[in-house]
Amino acid sequence: MNAHSPEHETLPDAQPEPGAGASPVMAQYFDAKTRQPDALVFFRMGDFYELFFEDAQKAHVALGITLTARGQHGGEPIPMCGVPVHAAEAYLAKLIRAGFKVAVCEQLENPAEAKKRGSKSVVRRDVVRVVTPGTLTEEGLLDARGANRLAAVAVRGGQAAVASVELSTGEVECLATGVSGLASALAALGPSEILVPDRLFADEAVSLALKQAGGFVQPLPSALAEPSASEARLKRLYGVETLDGFGTLSGAEVSALGLIAAHLETTQAGKLPALSAPRRAGEADVMAIDPATRASLEIEKATSGARDGSLLAAIDRTVTAPGARLLASRLARPLLDPAAIDARLDAVAWFCGHRPQRQKLREALKGLGDMARALSRLALGRGGPRDLGCLRDGLATGEAVAGLFAAPDPLVNLPAEIAEAVRALTPGLHPDLAQFRALLGEGLGDDLPNLARDGGFVATGVRPELDQARALRDDSRRVILQLEARLAAESGVALKIRHNAVLGYFVETTAKAAEPLFAAPLNATFIHRQTLANQVRFTTVELADLDAKIAQAAERALAIELDTFEAWREAAVAVAADLQAAATAAARLDVAAGVAEWAEDVGAARPSVDRSTAFEAEAARHPVVETAVRRAGEAFTPNDCRLDGTGAGGARLSLVTGPNMAGKSTFLRQNALLAVLAQAGCYVPAKRLRLGVVDRLFSRVGAGDDLARGRSTFMAEMVETAAILTQATPRSFVILDEIGRGTATYDGLAIAWACAEALHETNRCRALFATHYHELAVLEQRLAYVSNLSLKAKEFNGDLIFLHEAGPGPADRSYGVQVAKLAGVPAPVVARARDVLERLEREAQGPANLDDLPLFAAVAEPATVYQGPSPAEEALRAMDPDGMSPREAMEALYRLKGLLN
């Protein structure tokens, strides 16, 4: 809450025009608000950030702080509220979570400096940053173990690109993709904020991808995505003359990166962050996982939205925040290159085989701070002495870590990923970094303040002039005590010498004791300054002179420290690339050692990943469910699964049947998660896994509607199924659970039958298809590469016992009534259900003879055959409206008209 009391209940709710009658301070506010009209302006006034007019009313509601008024504008009271500067971070976090942008308008000088320009001069203020969800860098506003990415989307010439920056660490990436791949690309990044040219909102596919991504969407003028302007902004951002060093960037990639550059120019008020060169990727580099699949498999978050209960939480044994973020990134974007996957697995294998070194490494890494985020804050001018201390201590930890691998074996015996990390952390291989570490090691003190302006962080002996100023400042405290004792003795009055920001040093005594000081001869020495209710304050000529000397010494000492801090900050920025490399190296070691620790704990094995279409899992377990089961003191039942897209080494499609609660969904998900873990470069909870690289992973498991978009549960299921059937390739892996259950029995059976045929014959991908339609079991005889699997259960004395074992062959029944009994359905209802079921089974004539259906009828050509696009459609698809001049657009229009004739 703020310190203001309410004065007005009814206040104007509109943002007024500045007008000519505004005071100098309000004129500053109006200037800031005009430049940031869509942001709440935090306007610094002393120890508070004040908000005015409509901003105040919005903040009053969002933060629950008192709404008051200050002065008038246009004859109306000015609505106002405020938050203390020292607590601003907490209020900022709440506003950002509520979807607001906040422009911070700071005081750029103190009142004393302003008065030097004239007694009526106003303290200079300006917007120093605009806080948005994707541009947070403060520790208090960030999840230490989670990334906070700003993404941008651009589409040019039919090609799309997604660029992202993690401003708190300086990581920059860009991905070239098709418009259809935007949803998967954004879902993998999980951005907090997405920048989009406003014209793209008219594109239905782009709009859908943005809705599924879930981040704060920030529309920007389409002109900002124009390639030449974007290229110029990128060059300014990186301080380069050409972008050739970043590879051959497509027009869409340049536009997306340019949007980020434009946003950073606006929000960071001209301060240049320490960014790495853009790391480029394509659709062929990472496994595509759409948002629905990602949510279904609970890779990074459980369905509740929490981290607990996710795959990430189950396997995360990292001991550093950067390591945790890197592990999350790897799980979010599994690789497609077996060689790159093996490089990661080699590092994990080494740590599995060298347990003592692993334990020493993990213990050493526990002392590692978040160097990348500390560096980013320093580069943006928001860092403090503790951030420098983080870099100093982090480099020292890095050197200690490198020393663990130096002897007795040379680096040549280490896997490539570990060897590269050790080289990045070895000071002798990076002279500039070693020099920087020595600079901080000698110069920084031990007890570091959070803010540079608090002083006291430069070690003694580094700056002789600083030591002199400090000596004068600190010695003066002893002189003050001596003067206090002498004045008390000479006057015979009990007094104290105190200090405040207004009066400086002054003599204070009680009102009764002060009476002799007003009379001769003491009134010649003691000069009256202030009378309070119970105290009277005086000064003396000697005390005033001493006050000036102390103030000058303290100011000079602080000025020297601030100058030293700025020099060290610039030195950190100068070695930013090496610091970022060291931070990344430590994170990689943490991830590899952490995965090895988890693998040893749960008995995970190294997978074999190749370019086949095989999927061979022996004694596999679900990593998340097993964790919960073990916590309860029970054992998890492992299962085998064998698939092959070619049909040579196993079925292409397995139909999975069995009772409700027998574990069909768990079986499906665990096999999909094995693919994610293996291609992320992690061990897998199985006795053995051979995996042919999966290019796209699809999961249609679990029921859920989409009421916000007018979709029933069945409609949402069909939309996701349609996406699978249109996008899955022979290298994809698909898990489907109970397709068709949300409609009439025969309709659902027909849809499930047709989908199974399409997956087998058209998509030709590896698939697990769980169903209660036992009629589908005949597909094992009708289709070449289909097998039946079932999750076993036994009935004993009227009760159902789940074995959770997957074996060949279809299930004979679903045991729905028995499961209803287990769920606690009242006994009379269960008894009645059993009677009805028996009658239905006696009277049922059975469905239509499915053997009479023509084979693959579901995938036959429809009666009306599509002949392909017309010449006019092809010409229209090839056009790039954004790249046309008005004359070229007119000529293209006439050409299209001619093609229709």
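Being a predicted model, the structure only gives us computed values, none of them experimental.

Draft legend 1. Spatial organisation of the pairing of strand 3 (residues 68-73). Pairing of strand 3 with strand 4 (residues 76-84) involves 4 bridges; the strand directions are antiparallel. Each residue of the ladder has a partner; that of A69, found in strand 4, is P79. Between strand 3 and strand 4, which pair antiparallel one after the other, the connecting turn spans 2 residues, and G74 there sits at a positive phi close to 65°.

Draft legend 2. Representation of the pattern of salt bridges. Counting across every chain of the model gives 50 salt bridges. E253 serves as the salt-bridge partner of R280, at 2.8 Å between the closest nitrogen and oxygen. One end of the pair, R280, is in strand 12 (residues 279-282); the other, E253, is in helix 8 (residues 251-267), with 27 residues separating them in the sequence. Since its relative accessible area comes to 37%, R280 is described here as partly exposed. Note that D474 is salt-bridged to R473, the shortest N-O span being 2.9 Å. For D474, a relative accessible area of 34% translates into the label partly exposed. It is possible to trace a salt-bridge network through shared partners that takes in D610, E616, E618, R642, R688 and R690.

Draft legend 3. Highlighting the packing of aromatic side chains. Applying the stated criterion across every chain, the model contains 15 aromatic pairs. Their ring planes at 65° and their centres at 6.1 Å tell us that F43 and F52 sit as a pair that is edge-to-face. A residue is classified by how much of its surface remains accessible, and F52, at 1% relative accessible area, is buried. Considering the side-chain rings of W350 and F351, the 5.3 Å spacing of their centres and the 85° angle between planes classify their relative orientation as edge-to-face. Since its relative accessible area comes to 12%, W350 is described here as buried. The side chain of R44 reaches across the aromatic face of Y49, ending 5.7 Å from its centre.

Draft legend 4. Quick peek at the sheet that holds strand 1 (residues 40-45). Taken in spatial order, the 6 strands of this open sheet run 3-4-2-1-5-6, and their pairing is mixed. Single-partner strands in this sheet number two, and they are strand 3 and strand 6 (125-131). This sheet shows a mean twist of 35° between the axes of neighbouring strands, independent of strand direction. Where strand 1 and strand 5 (residues 102-107) come together, 4 bridges link them in parallel fashion. Bridging across to strand 5, V41 finds its partner in A103.

Draft legend 5. Up close: the side chain of E508. With respect to the helices, strands and loops of the structure, E508 is situated in strand 15 (residues 504-510). A relative accessible area of 12% places E508 in the buried class. There is a polar contact of 2.9 Å between the side chain of E508 and the side chain of R498.

Draft legend 6. Layout of the confidence of the model for the protein chain. For the protein chain, the average pLDDT comes to 87, and 92% of its residues sit at 70 or higher. Between residues 1-13, whose pLDDT stays under 50, and residues either more than four places distant or in other chains, the model counts 38 contacts.

Each value, and the rule that gives it
- Residues numbered from 1 in each chain as written.
- Predicted model: local features only at pLDDT ≥ 70, side-chain atom pairs only at ≥ 80, totals over all residues.
- Heavy atoms only, no water.
- Pairing = 2+ DSSP bridges.
- Helix = DSSP H or I, 4+ residues; strand = E, 2+ residues; numbered from the N terminus.
- Salt bridge = Lys/Arg side-chain N within 4 Å of Asp/Glu carboxyl O.
- Buried < 20%, exposed > 50% of the residue type's maximum accessible area, 1.4 Å probe, protein only.
- Phe/Tyr/Trp six-rings, centres within 6.5 Å; stacked < 30°, edge-to-face > 60°.
- Lys NZ or Arg CZ within 6 Å of the ring centre and 35° of its normal.
- Axes fitted to C-alpha atoms, helices over the stretch in contact; angles between N-to-C directions.
- Polar contact = N/O pair within 3.5 Å; in protein donor to acceptor, adjacent residues only side chain to side chain.
- pLDDT = per-residue confidence, 0-100.
- Contact = heavy atoms within 4.5 Å.

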